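Commentary on secondary and tertiary structure
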Amino acid sequence: MKEFLTDVETLRSRARENIEKGPVTDAYGADLERVLYVLNQALATELVCVLRYKRHYFTAQGLNALSAASEFLQHAGEESAHADQIAARITQLGGDPDFNPETLTGRSHSEYDASSDLREMIKEDLIAERIAIASYTEIIAWLGEGDPTTRRVLEEILATEEEHAEDMLTLLDGIPS
Ligand SMILES: [Fe+2]
Ligand SMILES: [Fe+2]
């Protein structure tokens, strides 16, 4: 095991400098600019997911619509909670959460969808979840030990996206093509 990092005096005096940086200290090991940029992309991704699931919830029609619609609504709520978690972390790191609707789809990894066919909706949702899973997995690996708190937030979100993908696959399997 490595000897304990910095002596107490140095830790204390460093913490006193730059207090306007809030929780971001010299020990912060990631590229802050880049982390904020990536987090704003993730925020946009979640917001687009909220809109897509809401649209699907309100327009789902047909034999299997009831169970699908309740999943859509539940997912919309969870994506919205993810957006809140990410925005809170951006603010905590001293950044500005970007909710600008004009640039939303350009920053989002996943896409909006306005299909009218239920099977098509579910397929698009499954694809969007798979995109979210791939991008969160990549971001988490990139963060590594550089920013463990952001990483933990994203790991928690990733676990939910995996459940979402599983839910969509189950729905898709239950609908005849
Ligand atoms: Fe999400
Ligand atoms: Fe999701």
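Residues numbered from 1 in each chain as written. Chains lettered and ligands numbered in written order. Predicted model: local features only at pLDDT ≥ 70, side-chain atom pairs only at ≥ 80, totals over all residues. Heavy atoms only, no water.

Before going further, it helps to spend a moment on the layout of surface pockets. The computed volume of the largest pocket comes to approximately 270 Å³. What lines the largest pocket is a set of 14 residues, and nearest its centre among them are L11, R14, T25, D26 and A27. Its residues assigned to classes, the lining of the largest pocket shows six nonpolar, four polar and four charged. The calculated volume of the second largest pocket comes to roughly 160 Å³. Taken together, 13 residues line the second largest pocket, and the ones lying closest to its centre are P23, Y28, R89, D147 and T149. (1 Å grid on protein atoms, 1.4 Å probe; cavity = no way out; pocket = protein on both sides within 12 Å on 5 of 7 lines; lining within 4 Å. Points joined across faces, edges and corners; volume = space filled by probe spheres on them. Nonpolar A, V, L, I, M, F, W, Y, C, P; charged D, E, K, R; others polar.)

If you check helix α5 (residues 118-143), its first and last C-alpha atoms are 37 Å apart, about what 26 residues at 1.5 Å a residue would give, namely 38 Å. G144 sits one or two positions beyond α5 and adopts a positive phi of about 50 degrees. (Helix = DSSP H or I, 4+ residues; strand = E, 2+ residues; numbered from the N terminus. Expected span 1.5 Å × (residues − 1).)

This next bit is on the packing of helix α3 (residues 65-92) against helix α6 (residues 148-173). The interhelical angle for the contact between α3 and α6, taken along N-to-C directions, is 170 degrees, at an axis separation of 11 Å. The angle between the axes of α3 and α6 places the two elements in the roughly antiparallel class. The segment α3 lies against α6, with S67, A68, E71, F72, H75, E78, E79, H82, Q85, I86 and R89 engaging T149, T150, V153, L154, E156, I157, T160, E161, H164, D167, M168 and L171. When its residues are assigned to classes, the contact of α3 with α6 shows eight nonpolar, eight polar and seven charged. (Axes fitted to C-alpha atoms, helices over the stretch in contact; angles between N-to-C directions. Parallel < 35°, antiparallel > 145°, perpendicular 65-115°, else oblique. Contact = heavy atoms within 4.5 Å.)

Below, the discussion takes up the coordination of the iron ion (ligand 2). Of the protein atoms, only E79 (OE), E129 (OE), E129 (OE), E161 (OE) and H164 (ND1) coordinate the iron ion (ligand 2), at distances of 2.0 to 2.3 Å. Binding-site remark: the iron ion (ligand 2) is held by donors from one chain whose sequence spacing is E-x49-E-x31-E-x2-H. The metal-metal distance between the iron ion (ligand 2) and the iron ion (ligand 1) comes to 3.9 Å, with E79 coordinating both. Taken together, the positions of E79 in helix α3 and E161 in helix α6 put the pair 82 residues apart, joining distant regions of the chain. The two residues E79 and E161 agree in class, both being buried. (Donors = N, O, S within 2.8 Å, 3.2 Å for Na, K, Ca; no water. Buried < 20%, exposed > 50% of the residue type's maximum accessible area, 1.4 Å probe, protein only.)

This next bit is on the packing of α5 against α6. At a minimum axis separation of 8 Å, α5 and α6 run at an interaxial angle of 155 degrees. Taken together, α5 and α6 sit at an angle that is classed as roughly antiparallel. In this structure, the crossing between α5 and α6 has a hand that is left-handed. (Left-handed = near helix turned anticlockwise from the far one by under 90°.)

On inspection of all chains with the given rule, the structure shows five salt bridges. For the salt bridge of D98 with R107, the shortest nitrogen-to-oxygen distance reads 3.4 Å. Between E155 and R151 there is a salt bridge, with the nearest N and O atoms lying 3.4 Å from each other. Linking E155 with R151, this pair stays in helix α6, spanning four residues, or about one helical turn. Given the relative accessible area of 18%, R151 is considered buried. Within the structure, one salt-bridge network assembled from shared partners comprises E145, R151 and E155. (Salt bridge = Lys/Arg side-chain N within 4 Å of Asp/Glu carboxyl O.)

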